[in-house]
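Structural characterization, general
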Amino acid sequence: MEELIQQLRDLLETPVITLDDPIKMGQLALLIAILAASFALAGLLRWWFRRLFNRLNITENVESRLLVLLFLIVMIVGTILGLRFAGIGTGILSKFFHYPLAELFQLPDAETEDANEHNLTLVRLFYAFVIVFGMFVLSKYVQWVLREQVLHAFQIAQHTQFILLRFLHFTFILLGIFISLSAIGVSFTSLALIFGGLSIGIGIGLQNIASNLISGFILIFERPIKIGDLVEIMDVNVFGRISSINLRSTVIVSLDEKEIIVPNSQLITESVHNLTHASNLYRLQIDVGVSYGSDVDLVKKVLLDAANEHLGVIKEPIPNISNVTAPFVRFVSFGESSLDFHLLVWIPDSFQRFDVASDLHFMIWHKFKEYSITIPFPQRDVHFYPKESAQGEK
């Protein structure tokens, strides 16, 4: 037990960032603890001031802005106090951003360092795991706080929130990995040599993964699709709403609430219908065929009546969108056994297109029965001609 405590003390005394004034693991842990306490205090003050603002009848918009300012003030003060109590000077930030990264990959001086300090043991691996896991938990908590107390208040778009929080998460994880490697004494030079030797094999064997990673960056920055979009992948018959966009794959929630994981490269290379890229509006087309003896004017009236009676159909054109019109009927063609019509209507939510189409089908069927309008089925005349040879034999 004493040996374990001594190893823990040595770990806390291990320099993590080696600048002019090295930052030890214990100082960094104290800074993180104070920042976590600042987050908790900010949440408590947010709850108390929200109740106060509700009693003062302050508008929700102003209330959100004030709570965000309060959160930022608490976090700035907490960061300053954390740096002071941890014994980290504020000048470390400038030195950190100007730190030459090439020094990370320089070999240590064997004459000045004890080789036993860099032995890799299970205890050091456990410490590394704890550091990475702690950074993961901290990342999730910071994301939750920023999402609930900052991003929502400023009404930032959902896709932009996703990008900011995703990169924040990767930053925390990478920082945790570098800190854990430094704590257990792993040489960055050896890692560079190993990955350099494996780069060719990795490049050949993981082409699909590399393609998906590049496609993920394209989806995040170019934004052909974004969180909440309704998409349809034609080649694989996938239809649903985008739930999340990760570096390797994208999650699509289908109509039956099943999550479909699609590789990002498939969204880049194949045809994808984005039904809500510009807006959620959708034009629905109902194909109808009636018998040749039907009154075409009556058919048009019945179809328009069915469209106007449905509550989910847009009844009037939208001034600022020229393509959105009131329901109308097109006489398409004279078919082989029917007169073909298209009923074209706009609906506000493309996700409801199947339900609205089903409702219109029911309504049209009942109205056709009411007005004695028949829907024909294909008819064929078949003629049999006996062969002359067969007649001769008879």
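Every chain is numbered independently, its residues counted from 1 as its sequence is written. Restriction of local features to residues with pLDDT of at least 70 applies here, the model being predicted, together with a cutoff of 80 or more for giving and counting side-chain atom pairs; totals for whole chains, interfaces and linings are based on all residues. Side-chain numbers here rest on the full set of heavy atoms in the structure, without hydrogens or water.

**Focus on the sheet that holds strand β7 (residues 272–274)**
Within a sheet, neighbouring strands are paired by backbone hydrogen bonds and run either parallel or antiparallel to one another. Stated formally: DSSP-based pairing: two strands are paired if at least 2 bridges between them are found. Helix and strand definitions here come from DSSP, where helices need a minimum of 4 consecutive H or I residues and strands a minimum of 2 consecutive E residues; each element is numbered from the N-terminal end. With axes taken as lines fitted to C-alpha atoms, and helix axes fitted only over the stretch in contact, angles between N-to-C directions fall between 0 and 180 degrees.
Spatially, the 5 strands line up as an open sheet ordered β6-β5-β4-β3-β7, and their pairing is antiparallel. Each of the sheet's edge strands pairs with one partner strand only, and the pair in question is β6 (259–263) and β7. Across this sheet, the average inter-strand angle for adjacent strands is 40°, counted without regard to direction. Direction of pairing for strand β3 (residues 230–233) relative to β7: antiparallel, over a ladder of 3 bridges. Note on β7: the bridge partner recorded for Val231 is Asn274.

**A short note on the side chain of Ser350**
What counts is decided by this rule: Partly exposed describes any residue whose relative accessible area lies between the buried limit of under 20% and the exposed limit of over 50%, with all areas from a 1.4 Å probe on protein chains only and scaled to the type maximum. Whether two residues are in contact is decided by their heavy atoms: any pair within 4.5 Å suffices.
Looking at where Ser350 falls in the secondary structure, it is placed in the loop between β10 (339–347) and α11 (353–370). Residue classification places Ser350 among the buried residues on the basis of a relative accessible area of 0%. Apart from the residues lying within four places of it in its own chain, the contact partners of Ser350 are Leu230, Leu275, Thr276, Asn280 and Tyr282.

**Topic: the confidence of the model for the chain**
Worth spelling out the cut-off: The score called pLDDT rates the predictor's confidence residue by residue, from a low of 0 to a high of 100.
Residues with a pLDDT of 70 or more make up 73% of the chain, whose mean pLDDT is 76. In the predicted structure, residues 104–108 sits below a pLDDT of 50 and forms 8 contacts with residues beyond four places in sequence or in another chain. Across residues 110–117, where pLDDT falls below 50, the model places 3 contacts with residues more than four positions away in sequence or in other chains.

**Comments concerning the environment of Ser271**
In this structure, Ser271 sits in the loop between α9 (264–269) and β7. Each C-alpha atom, one on Ser271 and one on Ile233, is 6.3 Å from the other, the two residues being 38 residues apart in sequence. The residues contacting Ser271, other than those within four sequence positions of it, are Glu232, Ile233, Met234 and Asp235.

**Let's talk about the environment of Met234**
Its location among the elements puts Met234 in the loop between β3 and β4 (238–245). The exposure class of Met234 is partly exposed, given its relative accessible area of 40%. Distance in space between the C-alpha atoms of Met234 and Ser271 is 6.4 Å, their sequence separation being 37 residues.

**Points about the pattern of salt bridges**
Our working rule: By salt bridge we mean one thing: a side-chain nitrogen of Lys or Arg within 4 Å of a carboxyl oxygen of Asp or Glu.
This structure, assessed with the given rule, holds 5 salt bridges. Here Glu232 ties to Arg353 by a salt bridge, and the two come within 3.3 Å at their closest N and O atoms. Highlighted residues: Glu232 in strand β3 and Arg353 in helix α11, separated in sequence by 121 residues. What makes Glu232 buried here is its relative accessible area of 16%. Taking the relative accessible area as the measure of exposure, Arg353 reaches 9% and is therefore buried. The partner of Lys301 in a salt bridge is Asp305, and the shortest N-O contact between them spans 2.9 Å. Of this pair, Lys301 and Asp305 both sit in helix α10 (residues 296–309), 4 residues apart, which is roughly one turn of that helix.

**Considerations on the sheet that holds β10**
Pairing within the open sheet is antiparallel, and its 3 strands lie in the order β8-β10-β9. The sheet is open, and its two edges are formed by β8 (282–290) and β9 (328–334), each paired on a single side. Pairs of neighbouring strands in the sheet enclose a mean axial angle of 25°, with direction left out of account. Where β9 lies against β10, 6 bridges are found, and the strand directions are antiparallel.

**Overview of α10**
Where we set the bar: To estimate how far a helix should extend, the number of its residues minus one is multiplied by 1.5 Å. Throughout, the arc means that of the directions going from the helix axis to the C-beta atoms.
The terminal C-alpha atoms of α10 lie 20 Å apart, and with 14 residues this matches the ideal 20 Å at 1.5 Å per residue to within 8%. Those residues of α10 not exposed but buried are Val299, Val302, Leu303, Ala306 and Ala307. Seen end-on, α10 carries its buried residues on one side only, within an arc spanning 135°. In this fold, the buried residues of α10 make contact with β8, β9, β10 and α11.

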